[in-house]
Amino acid sequence: EPASIPPNDALYLFEVTGILLGQSGLDVDVQVRSATAVLTPHVQSIEQTLQDPNLTSDVEAFGEPLSISLLAIAQLSKGWQKNPPGELQRVLTAAMAVCRNVIVALPMSPLVRNSTSVLLQRMILSLGHLVL
């Protein structure tokens, strides 16, 4: 069994990854491909979890992994504080669209509410009015 990274440590890695991608002068296409590669597993995990028929019967069990995925996306977005390139805006807004479904599905989860708040704050800083 592979060793796992504690969630808070993993979130720091997402933050560092975002900062390296967004602020190190990489070509936009490299930023987009890399951000997509990092975001895709979380977006897929969110979509899969939201399809689980037991989702609302165990809010804590489902809320925690959903919350971690929301926070990972938020941390990654720190690399693009303002005016990310258009192609990257599309990647972030697509991830944001999936994330909206989490708060709709589990509004009773304090973890989900908190993580959604953090994600919205980050995305507003990165995307401005495109969050709407």
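Within each chain, residues carry numbers counting from 1 in the order of the written sequence. Owing to the predicted nature of the model, reporting of local features is limited to residues with pLDDT of at least 70; listing and counting of side-chain atom pairs is limited to 80 or more, with chain, interface and lining totals taken over all residues. With hydrogens and water set aside, each side-chain value is computed from the structure's full complement of heavy atoms.

Novice: For this particular structure, what's the right way to read unusual backbone geometry?
Specialist: Only a minority of non-glycine residues have a phi that is not negative, and only a minority of peptide bonds are not trans. At Asn83, a residue that is not glycine, the phi angle is positive and equals roughly 50 degrees. Put simply, DSSP H or I for four residues or longer makes a helix, DSSP E for two residues or longer makes a strand, and each gets a number counted from the N terminus. Structurally, Asn83 is set in the loop between α3 (59-76) and α4 (86-105). For the exposure calls, accessible area comes from a 1.4 Å probe over protein chains only, and a residue counts as buried if that area is under 20% of its type's maximum, exposed if over 50%, partly exposed in between. On the basis of relative accessible area, Asn83 is assigned to the exposed category, the value being 69%.

Novice: Please explain the environment of Val59 as it appears in this structure.
Specialist: Here Val59 is to be found in helix α3. Along the chain, Val59 and Leu106 lie 47 residues apart, while their C-alpha atoms are 7.1 Å from each other. Note on contacts: a residue pair qualifies if any of its non-hydrogen atoms lie within 4.5 Å across the two residues. If sequence neighbours within four positions are ignored, Val59 has contacts with Leu106, Met108 and Ser109.

Novice: Please explain the packing of helix α1 (residues 7-23) against α3 as it appears in this structure.
Specialist: Working note: a packed helix pair is described by the angle between its axes plus the distance between those axes. Closest axis-to-axis distance for the α1/α3 pair is 7 Å, and the angle between their directions is 30 degrees. Accordingly, the angle class assigned to the pair α1 and α3 is roughly parallel. Note on packing geometry: the crossing formed by α1 with α3 is right-handed. Residues Pro7, Leu11, Phe14, Glu15, Thr17 and Gly18 of α1 form the contact with α3, whose participating residues are Ile68, Leu71, Ala72, Gln75 and Leu76. When the residues that make up the contact of α1 with α3 are grouped by side-chain class, the tally is seven nonpolar, three polar and one charged. Between N-to-C directions, angles cover 0 to 180 degrees, with each direction set by a line fitted to C-alpha atoms, over the stretch in contact for helices. Roughly parallel means an angle under 35 degrees; roughly antiparallel, over 145; roughly perpendicular, 65 to 115; everything else is oblique. Whether a crossing is left-handed or right-handed is set by the direction in which the near helix is turned from the far one by less than a right angle, anticlockwise for left-handed and clockwise for right-handed. Gly is put with the polar residues, along with every residue not named as nonpolar or charged; the nonpolar set is Ala, Val, Leu, Ile, Met, Phe, Trp, Tyr, Cys and Pro, and the charged set is Asp, Glu, Lys and Arg.

Novice: Honestly, α1 in this entry has me stumped. Any pointers?
Specialist: Since there are 3.6 residues in each turn of an α-helix, residues three or four apart along the chain are aligned in direction. Take the number of residues in a helix, subtract one, and multiply by 1.5 Å to get its expected span. Between its terminal C-alpha atoms α1 stretches 24 Å, which fits the 24 Å expected from 17 residues at 1.5 Å a residue. Within the span of α1, buried status applies to Ala10, Leu11, Phe14, Gly18 and Leu21. Down the axis, α1 shows its buried residues gathered within 105 degrees of arc, on one side only. Exposed residues pointing more than 90 degrees away from the buried face of α1 are listed as Asn8, Tyr12 and Leu20. In the core, the buried residues of α1 are packed alongside α2 (28-50) and α3. Directly after α1, the chain includes Gly25, whose backbone phi takes a positive value near 80 degrees. Note that the arc is computed from the directions linking the helix axis to the C-beta atoms.

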